[in-house]
Amino acid sequence: MKNLAVALPIHRNDSNRALQLVWLGVLSALFLLVQTIQAAARPESFADLADEVSPAVVNITTSTVVAQGTGPGPIVPEGSPFEDFFREFQDRNRENGDRPRRSSALGSGFVISEDGYIVTNNHVIESADEIVIEFFTGEELEAKVIGTDPNTDIALLKVEAEKPLAFVPFGDSDTARVGDWVMAMGNPLGQGFSVSAGIVSQRGRALSGAYDDYIQTDAAINRGNSGGPLFNMDGEVIGVNTAILSPNGGSIGIGFSMASNVVVKVVDQLKQFGETRRGWLGVRIQDVTEDVAEAIGLEKVAGALVTDVPDGPAKDAGVQSGDVILSFDGQDVEDTRGLVRQVGNSEVGKTVRLVVFREGKTQTLKVTLGRREEAEGAIPAAQPGGEDDGGATEKDVLGMTLSQMTDELRGQLDLDASAEGLIVRDIDETSEAYEKGLRAGDLITEAGQQKVKVVADLEARIDEAKEAGRKSLLLLVRRAGDPRFVALSLEK
């Protein structure tokens, strides 16, 4: 028993060492696996991906007939020794009949179906008389325009090929993360098929359009790349290369590709209708700021503040000026840009639920959407004029000299006969009102979301806001027919 008692601890120690060795082996294997996965996330080459997708990427050449003599001619002072020279030059051009000439442009695109549909930028083919598609094999085919969307700068073309074409699928741009690898392909500066690689620098960039949703990338994009695809590492198109930010016209690592989730909706409509058909709510809106939220008692700075409700779907549904749209068709509204995109992506004729904040509580309204393309262009054209009020009573309030509306002022400011409110006659340039953009000639129609016709109405709204513990007062201001809300502090 004594010998056994001595032997047992030695047996246990050997067993522990064996287990430790096993676990060390497992951990080493896991470490090597992690390193392998990380190495796989950093591709040593894009060659396989380029080989896979190249047959579906195309070069686009367009030509346009341009009339001769449409540009500015040389300016030569009368009596100049060059006067006879330029006269002879112009006479020779006239003898040639001022024949029209052809102007060419280059761009890129990609095939999205085996039957020949091709996506590119609208600005690549805009006004073109002839569009020639060059494939990776060198084959050339003429294309016709199926439809265009200037708002997103997307165009859909079609070629007739004798055999099925290689094509690439769209991916989900919403899954792209900042830092992901991407590869751009196209025809930069007319040099032919070219590949560049980089990462997603940022998402959700907006340049100038209401429907902008750009992926920013540092993959080299130059002139001629427009309309080409931006691929993820699965060979899916997650963006259409559209623009660059550059002081010299060349790539400095700031390029923009329209997100595929926007492009897919546009392409589907162009294929089906030959045009876009976006939903239309029929409101004018502005972002909710902290002072506006405080002025109306809104706890969260979010939503879209309705400044005007012209005739249209929203008015028919009961939406009012001063409402804050918090939810559209079951989705929260973050800001005006978000609402515009949500509405534009909705089907024309669809009935949606709209949650609005009004007078301290929420309401749910049902709106049947119209079509934006049919409604665009209906913008009031009133223009402000002089500032003389013809002797009307004035009073200084919140840094502004205000005057009651008169028929004479309506005429001077080119306002509608039914226009009511207070005219800003003058404004203190050191006041908060001036800092927030109010100017002489502006018309204040509401204060605290109630109409004002005389200065006493405004003063009453100020007193009511102070009694309610508000730190600011919300004004509805109109200029040249366009309304906007401005919150002014009451603490000074």
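Let us look at the structure shown here. (Residues numbered from 1 in each chain as written. Predicted model: local features only at pLDDT ≥ 70, side-chain atom pairs only at ≥ 80, totals over all residues. Heavy atoms only, no water.)

With respect to the overall build of the protein chain
At step 1: Helices and strands together make up the secondary structure of the protein chain, namely twelve helices and 27 strands.
At step 2: For the protein chain, long-range pairs separated by at least 24 residues make up 63% of all intrachain contacts whose partners lie at least 6 apart in sequence.
At step 3: Total accessible area on the protein chain is roughly 26700 Å²; 49% of this is exposed by carbon and sulfur atoms. (Helix = DSSP H or I, 4+ residues; strand = E, 2+ residues; numbered from the N terminus. Contact = heavy atoms within 4.5 Å. Areas by Shrake-Rupley, 256 points an atom, 1.4 Å probe, with all protein chains shown as cover.)

Re the sheet that holds strand β10 (residues 229-231)
Sheet strands pair by backbone hydrogen bonding; their relative direction is either parallel or antiparallel.
At step 1: The strand order around the closed barrel formed by six strands is β7-β8-β9-β12-β11-β10, and the pairing between neighbours is antiparallel. Each adjacent strand pair in this sheet contributes to an overall mean axis angle of 45°, direction not counted.
At step 2: As judged from the three bridges shared by β10 and strand β11 (residues 237-244), these two strands associate in the antiparallel manner. Each bridged residue has a counterpart across the sheet, and for Phe231 the counterpart in β11 is Val237.
At step 3: Docked against the sheet, helix α5 (residues 260-273) engages β11 and β12 (255-259), running at close to 50° with respect to β12. (Pairing = 2+ DSSP bridges. Axes fitted to C-alpha atoms, helices over the stretch in contact; angles between N-to-C directions.)

Description of the packing of aromatic side chains
At step 1: Tallied over the entire structure, the rule returns four aromatic pairs.
At step 2: With 5.9 Å between their ring centres and 75° between their planes, Phe110 and Phe170 make a pair best called edge-to-face. Here Phe110, found in strand β2 (residues 101-111), pairs with Phe170, found in the loop between β6 (154-159) and β7 (181-186); they are 60 residues apart in sequence, far enough to count as distant.
At step 3: Look at Tyr214 and Phe256: their rings are 6.2 Å apart centre to centre, the planes differ by 75°, and that puts the pair in the edge-to-face class. Of this pair, Tyr214 sits in strand β9 (residues 214-217) while Phe256 sits in strand β12, and the two are 42 residues apart along the sequence. Residues Tyr214 and Phe256 agree in their burial class; the two are buried.
At step 4: Between the NZ or CZ atom of Lys158 and the centre of the ring of Tyr117, over which it lies, the distance is 5.3 Å.
At step 5: Just above the ring of Tyr434 sits the side chain of Arg439; from NZ or CZ to the centre is 3.7 Å. (Phe/Tyr/Trp six-rings, centres within 6.5 Å; stacked < 30°, edge-to-face > 60°. Buried < 20%, exposed > 50% of the residue type's maximum accessible area, 1.4 Å probe, protein only. Lys NZ or Arg CZ within 6 Å of the ring centre and 35° of its normal.)

Concerning the environment of Leu488
At step 1: As for its placement among the helices and strands, Leu488 is situated in strand β27 (residues 482-489).
At step 2: Taking the relative accessible area as the measure of exposure, Leu488 reaches 1% and is therefore buried.
At step 3: When the C-alpha positions of Leu488 and Leu398 are compared, they lie 7.8 Å apart, and in sequence the two are 90 residues distant.
At step 4: Non-local contacts of Leu488, meaning those with residues more than four positions away in its chain, are made with Leu398, Met400, Glu432, Ala433, Lys436, Lys471, Ser472, Leu473 and Leu475.

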